[in-house]
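Results of the structural survey
Given next are the chains, with one letter for each unit.
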Amino acid sequence: MRGLCFIALLAILSATAERIVVTNDDGWAVAQIRAQVNALVDAGHDVILSAPADNQSGTGAMQKTAQPRTEPCEFDSCPPGAAMGNNASDSRLNWINAFPADSAQYGIQTLAPQLWDGVLPDFVVSGPNVGHNTGFSVFGSGTIGAAGKAVQLGVPAVAFSGTGTAHESYTALDIVPASATVSAAETYASLVTEFLDALFSQPPTSPPFLPANIMLNVNLPALDGACTAESVAWVLTRVFPVLLGNPDVVTCGNGGRLPVEGTVVSQGCFATVSAIDALLKVDVSKSVQQEVLDRLVNLGFSCV
Ligand SMILES: *[C@@H]1O[C@H](CO)[C@@H](O)[C@H](O)[C@H]1NC(C)=O
Ligand SMILES: *[C@@H]1O[C@H](CO)[C@@H](O)[C@H](O)[C@H]1NC(C)=O
């Protein structure tokens, strides 16, 4: 009986265990990204963190060649000197002195093959970002730039963003009592993990988990007293309002128009999911929205 349970447990774990590169634009040492890495590892995934050495907020899809550092990484988390490096006692935790899109590329093309014996990642998680990325900010967001780069390199990716948190060092994760940023970082990390579980568990349960050439832009709600991980409702949205026509997938009796992410996420305990073109960062066709809706059926979308 025990043996059977063990085998059943292994089957569940292996069904959802993916190789994931985690990146962001706030830097490799912020509490949010470390909480995310911890949550994904705890959920059984194989994880590499590959993120900028410093805060690179607002750098969009920019890229450059990594240069040797003249100063320590953010929060004094690495010594000056190198252009890239890792945590000496945990080679899964990596920084690069470049932009978010570069760190996604470094994780996919250099670190993953090194650490996983030539194998590429199954998925890239960008964020959760410190601050929402809705509407026009999709063009300047490094969180979105990194996810878009991953998709262009052939790896499915989602950008996640939260709000009401600050840039705090990962060392704050160990401080009791937890700061508001740390408790939000932990809640966002569990929401992202839940989102990925829903995506990875829907057949076909192997990559690519999303339609080609698109990425998802997910904004998570402000976590005030009434809004907790359990009460968050997921809503399929679009990034930009439409002036004419009914271009979207028909769902929730919407007559072919999805609600706009910026409006929905500020309305309450809603997490918005928008499908965007990985290169142009604009809304996608209704047939692609339909594919995303089908892929995320286990998430249990709500109507607003
Ligand atoms: C991060 O960079 C952005 C854009 O330059 C800036 O607005 C923000 O204040 C920075 N945050 C910190 C904590 O340095
Ligand atoms: C490196 O990893 C060790 C062991 O997990 C940890 O104690 C230390 O804080 C980490 N440092 C950084 C900068 O990641």
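Residues numbered from 1 in each chain as written. Chains lettered and ligands numbered in written order. Predicted model: local features only at pLDDT ≥ 70, side-chain atom pairs only at ≥ 80, totals over all residues. Heavy atoms only, no water.

1. Considerations on the overall build of the protein chain
- Helices and strands together make up the secondary structure of the protein chain, namely 7 helices and 9 strands.
- On C-alpha atoms alone, the protein chain measures out to a radius of gyration of 19 Å, which is about the 19 Å that the 2.2 N^0.38 rule sets for 304 residues.
- For the protein chain, the spread of C-alpha atoms along the three principal axes comes to 55 × 55 × 40 Å.
- In the protein chain, which comprises 304 residues, the proportion classed as buried is 52%.
- Long-range pairs, those at least 24 residues apart, make up 75% of the contacts in the protein chain between residues at least 6 apart in sequence.
- In the form shown here, the protein chain has an accessible surface area of approximately 12,600 Å², with 58% of it arising from carbon and sulfur atoms.
- On the protein chain, the mean spot of the 12 positive side-chain charges and the mean spot of the 26 negative ones are 7 Å from each other. (Helix = DSSP H or I, 4+ residues; strand = E, 2+ residues; numbered from the N terminus. Rg over C-alpha atoms; globule rule 2.2 N^0.38 Å. Buried < 20%, exposed > 50% of the residue type's maximum accessible area, 1.4 Å probe, protein only. Contact = heavy atoms within 4.5 Å. Areas by Shrake-Rupley, 256 points an atom, 1.4 Å probe, with all protein chains shown as cover. Lys, Arg positive; Asp, Glu negative; His and termini not counted. Charge placed at Lys NZ, Arg CZ, Asp CG, Glu CD.)

2. Remarks on the packing of aromatic side chains
- Here the structure, examined in full by the defined rule, presents 8 aromatic pairs.
- Members of the aromatic cluster, joined through ring pairs, are Phe123, Phe200 and Phe209.
- Directly above the aromatic system of tryptophan 28 lies the positively charged group of arginine 34, at a separation of 4.7 Å from the ring centroid.
- Positioned over the ring face of tyrosine 170 is arginine 34, at 4.3 Å from the centre of the ring. (Phe/Tyr/Trp six-rings, centres within 6.5 Å; stacked < 30°, edge-to-face > 60°. Lys NZ or Arg CZ within 6 Å of the ring centre and 35° of its normal.)

3. Some details on the site of ligand 1
- Looking at ligand 1, the residues that line it are Asn55, Ser57 and His167.
- Within the contact set of ligand 1, an oxygen atom lies 2.4 Å away from a side-chain nitrogen or oxygen of asparagine 55.
- Protein coverage of the free-state accessible area of ligand 1, which is 360 Å², stands at 33%. (Near = heavy atom within 4 Å. Polar contact = N/O pair within 3.5 Å; in protein donor to acceptor, adjacent residues only side chain to side chain.)

4. Quick notes on the site of ligand 2
- Taken together, Trp28, Arg34, Ser77, Asn87, Ser89 and Tyr170 are the residues near ligand 2.
- Between an oxygen atom of ligand 2 and a side-chain N or O atom of tyrosine 170, the distance comes to 2.7 Å.
- Counted by class, the shell around ligand 2 contains 2 nonpolar, 3 polar and 1 charged residues. (Nonpolar A, V, L, I, M, F, W, Y, C, P; charged D, E, K, R; others polar.)

5. A short note on the environment of leucine 299
- Here leucine 299 shows up in the segment after helix 7 (286-295).
- On the basis of relative accessible area, leucine 299 is assigned to the buried category, the value being 9%.
- Beyond its immediate stretch of four places on either side in the chain, leucine 299 contacts Phe195, Ala198 and Trp234.

6. A word on helix 3 (residues 100-115)
- A maximum bend of about 40° is found in helix 3 at glycine 107.
- Where helix 3 is concerned, the buried positions are Pro100, Ala101, Asp102, Ser103, Ala104, Tyr106, Gly107, Ile108, Leu111 and Ala112.
- Elements that come into contact with the buried residues of helix 3 comprise strand 1 (19-23), strand 2 (46-52), strand 3 (84-87), strand 4 (90-96), strand 5 (123-130) and helix 4 (142-152).
- Following helix 3 by one or two positions, aspartate 117 adopts a phi angle in the positive range, close to 55°. (Bend = angle between axes of the 7 residues up to and from the residue.)

7. Examining the side chain of threonine 165
- Assignment of secondary structure puts threonine 165 in the loop between strand 6 (157-162) and helix 5 (180-201).
- Assessed through its relative accessible area of 15%, threonine 165 is described here as buried.
- Residues contacting threonine 165, with those up to four places away along its chain left out, are Gln32, Val130, Thr181, Ala184 and Tyr188.

8. Concerning the sheet that holds strand 8 (residues 233-237)
- The strand order across the open sheet formed by 9 strands is 3-4-2-1-5-6-7-9-8, and the pairing between neighbours is mixed. Each edge of the sheet is formed by a strand with only one pairing partner; in this case those strands are strand 3 and strand 8. Geometrically, the sheet is characterised by an average inter-axis angle of 25° between neighbouring strands, direction not taken into account.
- Pairing analysis gives 6 bridges linking strand 7 (residues 214-219) to strand 9 (residues 270-277), with the strands arranged antiparallel. Along strand 9, the bridge assignment pairs leucine 216 with alanine 275.
- Strand contacts of helix 3: strand 1, strand 2, strand 3, strand 4 and strand 5, with the helix running at about 145° to strand 2, the strand carrying the most contacts.
- Helix 4 contacts strand 1, strand 5, strand 6, strand 7 and strand 9 of the sheet and is inclined by roughly 170° relative to strand 6. (Pairing = 2+ DSSP bridges. Axes fitted to C-alpha atoms, helices over the stretch in contact; angles between N-to-C directions.)

Any functional reading would require information beyond the geometric quantities listed.
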